[in-house]
Amino acid sequence: EPEVTQTPSHQVTQMGQEVILRCVPISNHLYFYWYRQILGQKVEFLVSFYNNEISEKSEIFDDQFSVERPDGSNFTLKIRSTKLEDSAMYFCASGGTVSNYGYTFGSGTRLTVV
Amino acid sequence: GESVGLHLPTLSVQEGDNSIINCAYSNSASDYFIWYKQESGKGPQFIIDIRSNMDKRQGQRVTVLLNKTVKHLSLQIAATQPGDSAVYFCAENDGSNYKLTFGKGTLLTVNP
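Here is a short report on the structure shown in this document. From a predicted model like this one, the values you see are computed outputs, not experimental measurements.

Cut-offs applied
Each chain has its residues counted from 1, running along the sequence as written. Ligands are numbered from 1 and chains lettered from A, in the order in which they are written. Reporting of local features is limited, given that this is a predicted model, to residues whose pLDDT is at least 70; pairs of side-chain atoms are given and counted only at 80 or more, and all residues count toward the totals for whole chains, interfaces and linings. The basis for every side-chain value is the complete set of heavy atoms in the structure, and neither hydrogens nor water enter the calculation. Numbering of helices and strands starts at the N terminus; helices are DSSP runs of H or I of at least 4 residues and strands are runs of E of at least 2. Radius of gyration here is computed from C-alpha atoms only, and the compact-globule reference equals 2.2 Å multiplied by the residue count raised to the power 0.38. For the exposure calls, accessible area comes from a 1.4 Å probe over protein chains only, and a residue counts as buried if that area is under 20% of its type's maximum, exposed if over 50%, partly exposed in between. Residues are treated as being in contact if the distance between any of their heavy atoms lies within 4.5 Å. Accessible surface is estimated by sampling points in the Shrake-Rupley manner with a 1.4 Å probe; for residues, cover comes only from the protein chains shown. Under the rule applied, a polar contact is a pair of N or O atoms within 3.5 Å (in protein, one hydrogen donor and one hydrogen acceptor; residues adjacent in sequence only if both atoms are side-chain atoms). Just to be clear on terms, a salt bridge is a Lys or Arg side-chain nitrogen sitting within 4 Å of an Asp or Glu carboxyl oxygen. Once two parts are put together, the accessible area they lose, assessed with a 1.4 Å probe and summed over both, is termed the buried area. Paired rings are identified among Phe, Tyr and Trp, the last through its six-membered ring, by centres lying within 6.5 Å, and are further divided according to the angle between planes into stacked (under 30 degrees), edge-to-face (over 60) and tilted (the rest). If DSSP finds at least two bridges between two strands, the strands pair. Angular values range over 0 to 180 degrees, each being the angle between N-to-C directions of two axes fitted as lines to C-alpha atoms, with helices fitted over their stretch in contact.

Digging into the overall build of chain B
Move 1: Looking only at helices and strands, chain B features zero helices and 11 strands.
Move 2: The globule rule puts the C-alpha radius of gyration for 112 residues at 13 Å, and the 13 Å found for chain B is close to it.
Move 3: With respect to the principal axes defined by its C-alpha atoms, chain B has extents near 45 × 30 × 20 Å.
Move 4: When burial is assessed residue by residue, chain B has 42% of its 112 residues classed as buried.
Move 5: A sequence separation of at least 24 residues applies to 53% of the contacts in chain B between residues at least 6 apart.
Move 6: Entry remark: accessible area of chain B is about 5,400 Å², with carbon and sulfur atoms responsible for 46%.

Below, the structure is given as structure tokens:
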């Protein structure tokens, strides 16, 4: 069964450093997403991406965040200057069509900012 | 404001029993609902979905019920197994954008 792959599985970084979280979506999917989950809390939407541009973003996705699809297979989330409160699980997801909201999630990257 | 929440944060059942996990939503414009299962250290896994033009949908051992009158969603798991132990989230979409709004999650523990 096709999978969404995320790397690394765990990233520890110092406050103020830049991090890049990487995702390989399912190959024929068109829509890509980042969500995050602070420990013990619900999954929160960050951003959706379609046709090489952001479709929608939440208030969490401020100027410190950016997304990119640098080639035909990778989808990245960059946090420019990490803060302690950025510590969370970050999930990438991809979906086929706009009518298919049941998209597939990756296993996540646990980001720890120290 | 808009919210999707769960009545019970934890549910403990015996193996073989049926489980019912509940979810309340407040956005009356929501027209698509999904249940996800999240095992420890993994991402959310799709279980079953339902559109607002339906009030019941069945899958393999799972049934989702939607009551639009009271804005309530439930997930029923038949003959619960230890492998069903996980956190279960409901999520909703109002059709105006691509994002899903998740509820807080219910931890289901199945005792052998």
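What follows picks up the thread again.
Points about the side chain of S58 of chain A
Residues and elements named next belong to chain A.
Move 1: Locating S58 in the fold gives a position in the loop between β6 (53–57) and β7 (65–68).
Move 2: In this structure S58 comes out as buried when scored by relative accessible area, which is 11%.
Move 3: From its side chain, S58 meets the backbone oxygen of F45 in a polar contact 2.9 Å long.
Move 4: Sequence-distant contacts of S58, defined by excluding residues within four places in its chain, comprise F45 and L46.

A few points about the pattern of salt bridges
Oppositely charged side chains can form a pair if their charged atoms are brought close together.
All names here are of chain A.
Move 1: For the coordinates displayed, the defined rule picks out four salt bridges over all chains.
Move 2: The residue R36 makes a salt bridge to E44 at a minimum N-O spacing of 3.2 Å.
Move 3: E44 gets classed as partly exposed once you look at its relative accessible area, which sits at 23%.

A short note on the interface of chain B and chain A
For an interface, size is often stated in terms of accessible area lost upon the parts coming together.
Move 1: Contact residues are listed per partner, giving 20 residues for chain B and 20 residues for chain A.
Move 2: When the two sides are added together, the surface that chain B and chain A hide from each other amounts to roughly 1,700 Å², 60% of it contributed by carbon and sulfur.
Move 3: Counting across the chain B and chain A interface gives zero salt bridges.
Move 4: At the surface where chain B touches chain A, the tally comes to two residue pairs in polar contact (both at pLDDT 80 or more).
Move 5: Among the elements of the structure, β4 (32–38), β5 (45–51) and β9 (86–93) of chain B are those that each provide at least two residues to the side of chain B that touches chain A.
Move 6: Take the side of chain B that touches chain A: its biggest share by element is four residues, from β4 of chain B.

Examining the packing of aromatic side chains
Move 1: Evaluation of the coordinates by the stated rule reveals 18 aromatic pairs over all chains.
Move 2: Consider the rings of F91 of chain A and F105 of chain A, whose centres lie 6.4 Å apart with planes at 85 degrees: the pair is edge-to-face. Of this pair, F91 of chain A sits in strand β9 (residues 88–95) while F105 of chain A sits in strand β10 (residues 104–105), and the two are 14 residues apart along the sequence.
Move 3: Of the residues examined, F105 of chain A reaches a relative accessible area of 8% and is grouped as buried.
Move 4: Ring geometry for Y36 of chain B against F46 of chain B: centres 6.4 Å apart, planes inclined by 80 degrees, an arrangement best described as edge-to-face. Of this pair, Y36 of chain B sits in strand β4 while F46 of chain B sits in strand β5, and the two are 10 residues apart along the sequence.

Things to note about the pairing of strand β8 (residues 72–77) of chain B
Residue and element names in this part refer to chain B.
Move 1: Of the pairings in the sheet, the one linking strand β3 (residues 19–25) to β8 comprises six bridges and is antiparallel in character. Bridging across to β8, A24 finds its partner in H72.
Move 2: The pairing of strand β7 (residues 62–67) with β8 spans six bridges and is classified as antiparallel. Across the sheet, the residue bridging to L65 is S74, located in β8.
Move 3: Count of turn residues in the β7/β8 antiparallel hairpin: four residues, of which K71 carries a positive phi of about 55 degrees.

What to know about the sheet that holds strand β3 (residues 19–24) of chain A
Residue and element names in this part refer to chain A.
Move 1: With antiparallel pairing, four strands are arranged side by side in an open sheet as β1-β3-β8-β7. Both edges of this open sheet fall to β1 (5–7) and β7, since each of them pairs with a single strand only. When the angles between neighbouring strand axes are averaged without regard to direction, this sheet yields 20 degrees.
Move 2: Strand direction decides the pairing type here: β3 and strand β8 (residues 75–79), joined by five bridges, are antiparallel.

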